[in-house]
Amino acid sequence: MELPYEEQLKLKSDQLRAHFQDAQFPYLGDIEVHSAGSAGLRDRLDFSWVGGKLGLYKKQSHELVDIETCLQLSPALQQALSEIRKVSWPANKGSLRVRVGPQGQKGLWLDFSNIDIKNLLEEKTILKKLIPQFTIEIGQRRKILFWTGQEFKLRDPQPQAWFQTWMGEQVVNLYCQVASFTQPSIQANKIICDIISEWLEGIDQPRVIEFGSGIGNLTLPVLAKAKHVTACEIDQLSLDGLQMTLQHLPTSLCELKERISIHRGDFQKKLMQDFSQFDLVLANPPRSGLMNFLNPLKELLPHQRPRYFIYMSCFPESLVADSLKLRESGYSIRQLHIVDQFPQSAHYEVLSLFEREQL
Ligand SMILES: C[S@@+](CC[C@H](N)C(=O)[O-])C[C@H]1O[C@@H](n2cnc3c(N)ncnc32)[C@H](O)[C@@H]1O
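Residues numbered from 1 in each chain as written. Predicted model: local features only at pLDDT ≥ 70, side-chain atom pairs only at ≥ 80, totals over all residues.

Sorry, what's going on with the sheet that holds strand 12 (residues 207-211) here?
Strand order in this open sheet of 8 strands is 1-17-18-16-15-12-13-14, and the pairing throughout is mixed. Only two strands of the sheet have a single neighbouring strand rather than two, namely strand 1 (31-35) and strand 14 (260-264). When the angles between neighbouring strand axes are averaged without regard to direction, this sheet yields 15 degrees. Alignment of strand 17 (residues 331-340) against strand 18 (residues 349-356), held across 8 bridges, turns out to be antiparallel. When the sheet's bridge partners are listed, I333 is paired in strand 18 with F354. Of the strands in this sheet, strand 1, strand 17 and strand 18 are in contact with helix 1 (residues 5-22), which crosses strand 1 at around 145 degrees. Helix 9 (residues 316-328) rests against strand 16 (308-313), strand 17 and strand 18 of the sheet, and its axis sits at about 165 degrees to strand 16. (Pairing = 2+ DSSP bridges. Helix = DSSP H or I, 4+ residues; strand = E, 2+ residues; numbered from the N terminus. Axes fitted to C-alpha atoms, helices over the stretch in contact; angles between N-to-C directions. Contact = placed C-beta atoms within 7 Å.)

What follows is the structure, encoded as structure tokens:
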């Protein structure tokens, strides 16, 4: 935050190069850096509530930093945070997600203990003030709060259009919960989708397997240009959202539904699919990286392995660790990009395109 923005971008690019160099992974090409703006990009925040403070934990500490304003938040999200900060939650600790959707709709996910939730529902006045402004989801089961006229009740989760992706230039609403994983910023996500679409232009109608499709944010841009996509994901609620998104695709894109198959499971443990049936692997794993997902590559002859691999990560350490495994299977990096989804912080998103050496 103390550095001028251009210097922040340079630092991120130098750090990424250093990660690869330290791991002795040879990459001498360019790193292209993209930015959607020097601040104000975030459409979702995840804060903790502890002992009357609302914010984030200090690095490597149990101390919570109370955060009133944040340079990362979009103006609408900052406004929503200011509303939420007026509340003194009747709980010692919990976590909150605040989200602003593409139409400006606001969402709040409250994750407190069962007893704290019970007290909150009985207390009534706090939720009565918030419910006209926010769609409120409660607890790990993400139940939706509603007012019967006499009391608050919870009903089953219902995906709504909380995020957006792009299939070429066509914007597509992504259905999910307030509590679902989405990229942090709709604006920065457009840059990510554009880069991936451009890479797909250079690959002839690939058969794609995707690790960690989530609600389909990268699945759909790729589906627009692929012969078929096999989407693999662990989280059922995200897949419920993806199914609803497919049902609501714009009429001009409807037939693409036939070209996707969806599989639920823990793909870090074991992959049941056969990599030799695919031309492209698309991966956007959690911080822990791909783990055992890559193991079956080694069992194939080099020419049977998918020719291309797109790997997106907000955690360069695991990207580099997985890149070393990819190199052992004959892949090298063709393009490396940074999308600065998190300006004014040390984090950044990396997009990499690998290609298998042709023997
Ligand atoms: C960084 S998110 C990416 C989601 C999506 N690409 C997007 O842009 O919104 C990682 C995704 O991997 C999924 N995931 C985590 N562990 C997994 C596993 N063991 N097997 C399959 N998917 C997993 C998460 O549920 C999440 O949807």
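The rest of the description comes next.
What is the right way to read the sheet that holds strand 2 (residues 44-50) from this model?
Each strand in a sheet pairs with another by means of backbone hydrogen bonds, the pair being arranged parallel or else antiparallel. Ordered in space as 4-3-2-5-6-7-8-9, the 8 strands form an open sheet in which the pairing is mixed. This sheet does not close on itself; its edge strands, each paired only once, are strand 4 (64-66) and strand 9 (152-155). When the angles between neighbouring strand axes are averaged without regard to direction, this sheet yields 40 degrees. Across 3 bridges, strand 3 (residues 53-57) lies against strand 4 in antiparallel orientation. Across the sheet, Y57 pairs through a bridge with L64, a residue of strand 4.

Is there a simple way to think about the site of the ligand in this case?
The ligand sits among 19 residues. The nearest are G212, G214, N217, Q268 and N284. Taken together, the residues of the shell around the ligand break down into 8 nonpolar, 8 polar and 3 charged. (Near = placed C-beta within 6 Å. Nonpolar A, V, L, I, M, F, W, Y, C, P; charged D, E, K, R; others polar.)

Any chance you could explain the environment of P90 here in plain terms?
Summarising the element assignment, P90 is placed in the loop between helix 2 (75-84) and strand 5 (93-100). Owing to 12 C-beta atoms within 10 Å, P90 belongs among the exposed residues under this scheme. Separated by 61 residues in sequence, P90 and G29 place their C-alpha atoms 54 Å apart. In this view, P90 contacts D116, N119, L120 and E123; residues no more than four positions away in its chain are not counted. (Buried ≥ 20, exposed ≤ 12 C-beta atoms within 10 Å, placed from the backbone.)

Would you take a moment to explain the nonpolar core for this structure?
Across soluble globular proteins, you tend to see nonpolar side chains buried next to one another. Among the nonpolar cores identified, the biggest contains 83 residues, and I196, V222 and I310 are the most heavily contacted of them. Counting residues per element, this core draws most heavily on helix 5 (residues 186-201), at 8 residues. Residue-level mapping places this core at the junction of two domains, with at least three residues from each of domain 1 (5-35 + 184-356) and domain 2 (44-158). Ignoring sequence-local partners within four residues, the contact set of I196 consists of L218, P221, V222 and I310. (Core = buried A, V, L, I, M, F, W, Y, C linked by C-beta atoms within 7 Å. Domains from an automatic or database assignment.)

Explanation requested: the pairing of strand 16 in the structure shown.
Within a regular strand, the side chains alternate between the two sheet faces. Taking burial as the measure, the 6 residues of strand 16 include 6 buried ones, the bulk of the element. Along strand 16, one buried face is formed by Y308, I310 and M312 and the opposite face, lined by F309, Y311 and S313, is buried too. Both strand 15 (residues 280-283) and strand 16 contribute to a ladder of 4 bridges, which runs parallel. The partner of A283 across the bridge, within strand 16, is Y311. Taken together, the 6 bridges between strand 16 and strand 18 define a ladder with antiparallel strand orientation. Along strand 18, the bridge assignment pairs Y311 with S352.

Just checking my understanding: could you explain the packing of helix 1 against helix 9 for this structure?
Geometry of a packed helix pair, given as the angle between the helix axes and the separation of the axes. Where helix 1 meets helix 9, the closest approach of the two axes is 10 Å, and the angle between their N-to-C directions is 40 degrees. Helix-helix and strand crossings are classified by hand; for helix 1 and helix 9 the assignment is right-handed. The segment helix 1 lies against helix 9, with L16, H19 and F20 engaging P316, E317 and V320. Its residues placed into classes, the contact of helix 1 with helix 9 shows 4 nonpolar, 1 polar and 1 charged. (Left-handed = near helix turned anticlockwise from the far one by under 90°.)

Could you clarify how one ought to interpret unusual backbone geometry in this entry?
One can expect most non-glycine residues to show negative phi and most peptide bonds to be in trans. The backbone of Q24 sits at a positive phi, close to 55 degrees, despite the residue not being glycine. In this fold, Q24 is placed in the loop between helix 1 and strand 1. Here Q24 falls in the exposed class, since 8 other C-beta atoms lie within 10 Å of it.

Would you mind going over the domain arrangement of the chain with me for this structure?
Many structure descriptions define interface size as the accessible area lost when the parts assemble. Parsing the chain into structural domains produces domain 1 (5-35 + 184-356) and domain 2 (44-158). Between domain 1 and domain 2, the C-alpha centre-to-centre distance is 31 Å. With 7 residues of domain 1 at the interface, the matching set in domain 2 holds 6 residues. Partitioned by chemical class, the residues of the side of domain 1 that touches domain 2 number 5 nonpolar, 2 polar and no charged.

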